Amino acid sequence: MTAPQRPPDLRADCSNCFGLCCVALPFAASADFPVDKDAGRPCGNLREDFRCGVHTELRDRGWVGCTVFDCFGAGQQVSAVTFGGRDWRRTPETAGRMFQVFPVMRALHELLWYATEALALPAAAPVHPQLRRAARDLRQRADGDPESLLALDIAALRADVNALLLRAGELARAGVPGRKKNHRGADLIGARLRGADLRGASLRGARLIAADLTRADLRTADVIGADFRDADLSGADLTGSIFLTQAQLDAARGDATTRLPAALAHPAHWTPPTHGADRRPGG
């Protein structure tokens with residue numbers, strides 16, 4: 001099963017965005033960020049041209065949270081479409097609403113990305129008609145004006161779409177023979193899962209922070225919302241993993257022997273393989 005290429009409008013295009021993720025969103029000093037920042041206040045690294053002044057050194061300087069964030073194309077949608085290219089510096093009267101709209105748009109685009117992934121699952125054909133209707137509805141809402149966007153009940157929309165995504169994942173996993181593990185929402189922080197057979201497992205929302213998944217088999221596992229921060233995926237097989245995002249990989253650790261869906265890439269910070277490493281999980 002080959003993951004689809006992400007549609008261009010669901011890919012972040014920072015060249016057509018007014019640095020919204022660097023302004024609209026808050027963050028706190030932690031392992032992910034070196035300082036506190038309130039929502040609506042520009043990050044100190046944001047330049048006048050809306051580019052990051054330390055982009056090539058983010059990890060080294062402690063800005064790990066920035067390297068794993070994905071707006072799913074919401075930034076350019078809000079900047080170029082919703083507000084017609086008017087930026088918050090030259091037209092400060094738009095700033096407040098623009099910063100409020102951005103997280104709403106991100107939620108819509110994230111749901112659209114997941115719906116697109118589900119539509120690429122042949123086994124999920126029974127729910128494809130509902131998914132197509134949901135995707136059309138999400139796109140229509142994403143094209144709305146600021147007032148209509150701010151009036152949306154994102155929690156209700158997320159619940160409706162998630163029910164379809166859950167069914168799509170179940171249908172896809174049903175094709176894996178044998179009994180599948182159910183770790184939905186499980187606390188697997190630091191878990192020792194080296195070489196584990198997790199084919200067709202449900203890892204939806206599982207907390208896998210710093211888990212050892214070295215050479216684990218995650219083929220056709222549903223990993224929507226799974227937290228892979230600092231999880232070791234070295235030598236693991238994630239080909240065909242359902243709803244796997246680049247951001248999840250960027251938050252994890254791995255190496256060149258980690259097998260990924262064709263549409264995703266090995267993060268630059270992953271380590272090279274150890275000498276003689278076996279590329280096959282459990283081998």
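Located above this text is the structure these notes cover.
Just so it is clear, the model here is predicted, and its values are computed rather than measured.

What counts and what doesn't
Residues numbered from 1 in each chain as written. Predicted model: local features only at pLDDT ≥ 70, side-chain atom pairs only at ≥ 80, totals over all residues. Heavy atoms only, no water. Helix = DSSP H or I, 4+ residues; strand = E, 2+ residues; numbered from the N terminus. Rg over C-alpha atoms; globule rule 2.2 N^0.38 Å. Buried < 20%, exposed > 50% of the residue type's maximum accessible area, 1.4 Å probe, protein only. Contact = heavy atoms within 4.5 Å. Areas by Shrake-Rupley, 256 points an atom, 1.4 Å probe, with all protein chains shown as cover. Lys, Arg positive; Asp, Glu negative; His and termini not counted. Charge placed at Lys NZ, Arg CZ, Asp CG, Glu CD. 1 Å grid on protein atoms, 1.4 Å probe; cavity = no way out; pocket = protein on both sides within 12 Å on 5 of 7 lines; lining within 4 Å. Points joined across faces, edges and corners; volume = space filled by probe spheres on them. Nonpolar A, V, L, I, M, F, W, Y, C, P; charged D, E, K, R; others polar. Disulfide = S-S within 2.5 Å.

Describing the overall build of the chain
- Within the chain, the secondary structure is distributed over 7 helices and 0 strands.
- Reading the chain from its N terminus to its C terminus gives the helix and strand order α-α-α-α-α-α-α.
- The C-alpha radius of gyration computed for the chain amounts to 20 Å, which stays within 12% of the reference 19 Å derived for 283 residues, consistent with globular compactness.
- Scored against the burial criterion, the 283 residues of the chain give a buried share of 48%.
- A fraction of 44% describes how many contacts in the chain between residues 6 or more apart in sequence connect residues 24 or more apart.
- Counting every atom, the chain has about 13600 Å² of accessible surface; 51% of that belongs to carbon and sulfur.
- The positive charge centre, built from 37 side chains, and the negative charge centre, built from 33, are 5 Å apart in the chain.

What to know about unusual backbone geometry
- Unusually for a residue other than glycine, A210 sits at a positive phi of about 60°.
- Among the secondary structure elements, A210 is positioned in the loop between helix 6 (154-173) and helix 7 (246-251).
- With phi around 60°, D230 is a residue other than glycine that occupies positive phi space.

Quick notes on the layout of surface pockets
- Computed from the structure, the second largest pocket encloses a volume of approximately 600 Å³.
- What lines the second largest pocket is a set of 25 residues, and nearest its centre among them are V68, D227, R229, A247 and A251.
- Here the lining of the second largest pocket takes 4 residues from helix 7, the largest share from any one element.
- When the residues that make up the lining of the second largest pocket are grouped by side-chain class, the tally is 11 nonpolar, 5 polar and 9 charged.

Thoughts on the state of the cysteines
- Here the structure, examined in full by the defined rule, presents 0 disulfides.
- Of the cysteine sulfurs around C21, a residue in no disulfide, the closest is that of C22, at 3.9 Å.
- Using a relative accessible area of 23% as the deciding quantity, one classes C22 as partly exposed.

Considerations on helix 2 (residues 74-82)
- Among the 9 residues in helix 2, 7 count as buried, and that is most of the element.
- What helix 2 keeps buried is the set A74, G75, Q76, Q77, V78, S79 and T82.
- Packing partners of the buried residues in helix 2 comprise helix 3 (95-119), helix 4 (128-142) and helix 5 (146-150).

So, the side chain of T82
- Within the element layout of this structure, T82 appears in helix 2.
- Sequence-distant contacts of T82, that is, excluding residues within four places in its chain, are made with Q77, V101, M105, G144, P146 and L149.

Everything listed here is a matter of coordinates, which is why it stays silent on function.
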